[in-house]
Structure formats: structure tokens, C-alpha cells
Amino acid sequence: MKKSVLAIHDLSCHAASSLSVVLPLLLAAGLDTSFLPSALLSSQSDGFDNLFVRDLSCECDEIMERWKSYALHFDCLYTGYLASERQLELVLKARSSFLFPSALIVTDPVMGDEGKLYQNLGVSHITMMKKLCSGSSVITPNYTEALLLAGKIDGYGGETTLHEAEELTLSLSSEFGSSVVITSVPVSGGIYANLACDGTRVRAFTYEDLHAGYPGCGDLFASLLVSFLLNDESFFVSVHKAGEIASYAIRETLKEKKERREGISVSHAVRMMLETRL
């Protein structure tokens, strides 16, 4: 029987990001997917100015009220960027109303990169994301977001040691009671790694630095991780496969000489997902 996912992310009408990345991958993985668009944007925000942004919290709340009459329940709740406390309330409502008891809750605490919060976000956003991480099965912060969650952002200096990265991963797992994947960790020696902890063990998955920071890469990795976990792969195998396909998609996007702000080319990852399923 197919597994079902509820994805709560914003929707950018142009350039790869959030739901435009999430939905193709979940569907390619053979998952029954429903979604709530928390906000509507004219484009993804990295590299574009004069954005149109419409918060859809009220609309999402109305949709969930209708869903209650359908008796909908999901095997997984997967959330990304949230703009406000109102949207946090939507996620908590979804957790309490629409999940099976054994549901997987995957939280991507999107809030910063390169040692700083995204523009227009403040300390209150860190507090909000900590609330969201609590009660999650898996959280997938990037290195900056992991430091923000741990209250260690002042220690950001680019590279870290593998030991320090392992300690950070273990501490977040202990604090939030969840499995953790910290992505894009710059390890000493010019190596990049995804650090994963299942609550007990920590493993580092190194990869080549392709010097390509396309928007949507974080959404791509987290969506691949959700896909593999719901298709009954083990946690560490899922992290490894997600990293491999994400790296492949980045390499293929680079070959296209695509403008960075247009985001990652999701089709490469979708094709690889479909080939894996055949």
C-alpha cells in the first residue's frame, strides 16, 4: 500500500524552490502526496527583487477544516520554511489532526545560510524553529541552521573539524529527541559532508564541493530523504542515497550553465528516482 505525505511549504511561481522541488520528487517516489501552500511568491527570493508575497495561512486553515470532514490521515508530515507564528500553528494543528500514530515527521528548519539568518528574520524565528524541531522524527538543518539551533552561531568561521561536527550532530539529536542530518558541513581539509545521527551513532557522508549554491538544493536533499525513508530504506542508507542523487542533480545542472537564481534542475533527480524504482 502506498505511503501518504502531507507537505507544508511555500509555493514559488518561478524558479526552483520549495513545493516546485518537493512535489515532483515525492510523486516520482510513488508517494500519495497532499500539500498546503503556506505562502505564494512570484519567484523564489534568492536573486530576485520586487517580490510578490501572499501569506496563505487563513486559506490553509480553511482547507484543513474541510479535510477534517474527509477523515484524512497521513503517514508523513514534511515541512520547510515557515514565515510566522501563525504558520507554526498550522503545522502543529496538522500534527494533532491528520497524522497516523506512527507517522514520520520530517522538519527542515529553513532560516539561514553562510553563517547568518536570512534577511527579514530575527531571533524569534530561531525560537519558532526550535518548537517545530521538538516532536520531529527527523530534522535536516544545514550547517548554519544547526549552529543557530544550538546557540553557537558566533562560532561560525567556515570550516570545522569532523569531531566538532559530530558533537554538534549528537547534541541536536539529544536536545530534540530526533534523528538529525546536518547538510553542507565544511570540514577541515577542504571536504564537505552531511553528518547524520540516528540518536546513537553518527556517520559522516563526504562529497565533492561543486561550488554551486543553487537555490532549492536543500529542498531537493530533504525531499529525497523523505522519499527513501517512506520506501522503507534505513536511515543511514536514505541519507547516503539522498546525497548521491542531490550531487548528481547539481553536476547535471552545472552542465546546463543555468543561471544560479533559477535554481536546481529537479528533472535530473526525478529521472534518477524513476530509474531507481524500475
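This is a predicted model, so every value here is computed, not measured.

A. Expanded view of the sheet that holds strand β2 (residues 32–41). One open sheet holds the 9 strands; their spatial order is β3-β2-β1-β4-β5-β8-β9-β10-β11, and the pairing between them is mixed. This sheet does not close on itself; its edge strands, each paired only once, are β3 (53–55) and β11 (202–207). Two elements, strand β10 (residues 191–197) and β11, share 6 bridges in a ladder whose sense is antiparallel. Residue pairing in the sheet places Tyr192 in a bridge with Tyr207 of β11. Sheet contacts for helix α8 (residues 235–255): β8 (138–139), β9 (179–187), β10 and β11; angle to β10, the most-contacted strand, approximately 150°.

B. Representation of the packing of helix α3 (residues 85–97) against helix α4 (residues 123–133). Contact geometry of α3 with α4 gives a least axis separation of 11 Å together with a crossing angle of 5°. With respect to each other, α3 and α4 are oriented roughly parallel. Note on element contacts: α4 touches α3 through Met128, Lys131 and Leu132, opposite Glu85, Leu88, Val91 and Arg95. Residues belonging to the contact of α3 with α4 are distributed by class as follows: 4 nonpolar, no polar and 3 charged.

C. Quick look at the pairing of β10. Across the 7 residues that make up β10, a large majority, 5, are buried. Relative to β10, β9 is paired through 6 bridges, and the arrangement is antiparallel. Opposite Val180, over in β10, you have Cys197 as the bridge partner. Between β10 and β11, which pair antiparallel in sequence order, lie 4 residues; one of them, Gly199, sits at a positive phi of approximately 105°.

D. Inspection of the nonpolar core at higher detail. Membership of the largest hydrophobic core comes to 46 residues, with the highest contact counts inside it found for Leu25, Tyr78, Leu220, Leu224 and Ile264. Contributing elements (two or more residues each) for this core: β1 (4–12), α1 (19–28), β4 (74–79), β5 (99–107), α7 (217–230), α8 and α9 (266–277). It is α7 that contributes the most residues to this core, 10 residues altogether. Not counting residues up to four positions away in its chain, the partners in contact with Ile264 are Ala16, Val21, Tyr214, Pro215, Gly216, Cys217, Leu220, Ala249, Ile250, Thr253 and Lys258. Leu6, Tyr143, Val180 and Ala193 belong to the second-largest nonpolar core, a separate cluster that totals 40 residues.

E. Broad picture of the packing of helix α2 (residues 57–70) against α3. Packing of α2 against α3 brings their axes to within 10 Å, and their N-to-C directions diverge by 10°. On the basis of the axis angle, α2 is roughly parallel to α3. Here α2 contributes Ser57, Cys60, Asp61, Met64, Glu65 and Lys68 to the contact with α3, which in turn contributes Arg86, Gln87, Leu90, Lys93, Ala94 and Ser97. Partitioned by chemical class, the residues of the contact of α2 with α3 number 4 nonpolar, 3 polar and 5 charged.

F. Highlighting the pattern of salt bridges. Counted under the stated rule, the structure contains 12 salt bridges. A salt bridge links Lys93 to Asp61; the nearest nitrogen and oxygen atoms lie 2.7 Å apart. Of this pair, Lys93 sits in helix α3 while Asp61 sits in helix α2, and the two are 32 residues apart along the sequence. With a closest N to O distance of 2.8 Å, Lys93 and Glu65 form a salt bridge. One end of the pair, Lys93, is in helix α3; the other, Glu65, is in helix α2, with 28 residues separating them in the sequence. Within the structure, one salt-bridge network assembled from shared partners comprises Asp61, Glu65, Lys68, Arg86, Glu89 and Lys93.

Definitions and cut-offs
Residues numbered from 1 in each chain as written. Predicted model: local features only at pLDDT ≥ 70, side-chain atom pairs only at ≥ 80, totals over all residues. Heavy atoms only, no water. Pairing = 2+ DSSP bridges. Helix = DSSP H or I, 4+ residues; strand = E, 2+ residues; numbered from the N terminus. Contact = heavy atoms within 4.5 Å. Axes fitted to C-alpha atoms, helices over the stretch in contact; angles between N-to-C directions. Parallel < 35°, antiparallel > 145°, perpendicular 65-115°, else oblique. Nonpolar A, V, L, I, M, F, W, Y, C, P; charged D, E, K, R; others polar. Buried < 20%, exposed > 50% of the residue type's maximum accessible area, 1.4 Å probe, protein only. Core = buried A, V, L, I, M, F, W, Y, C linked by side-chain atoms within 4.5 Å. Salt bridge = Lys/Arg side-chain N within 4 Å of Asp/Glu carboxyl O.

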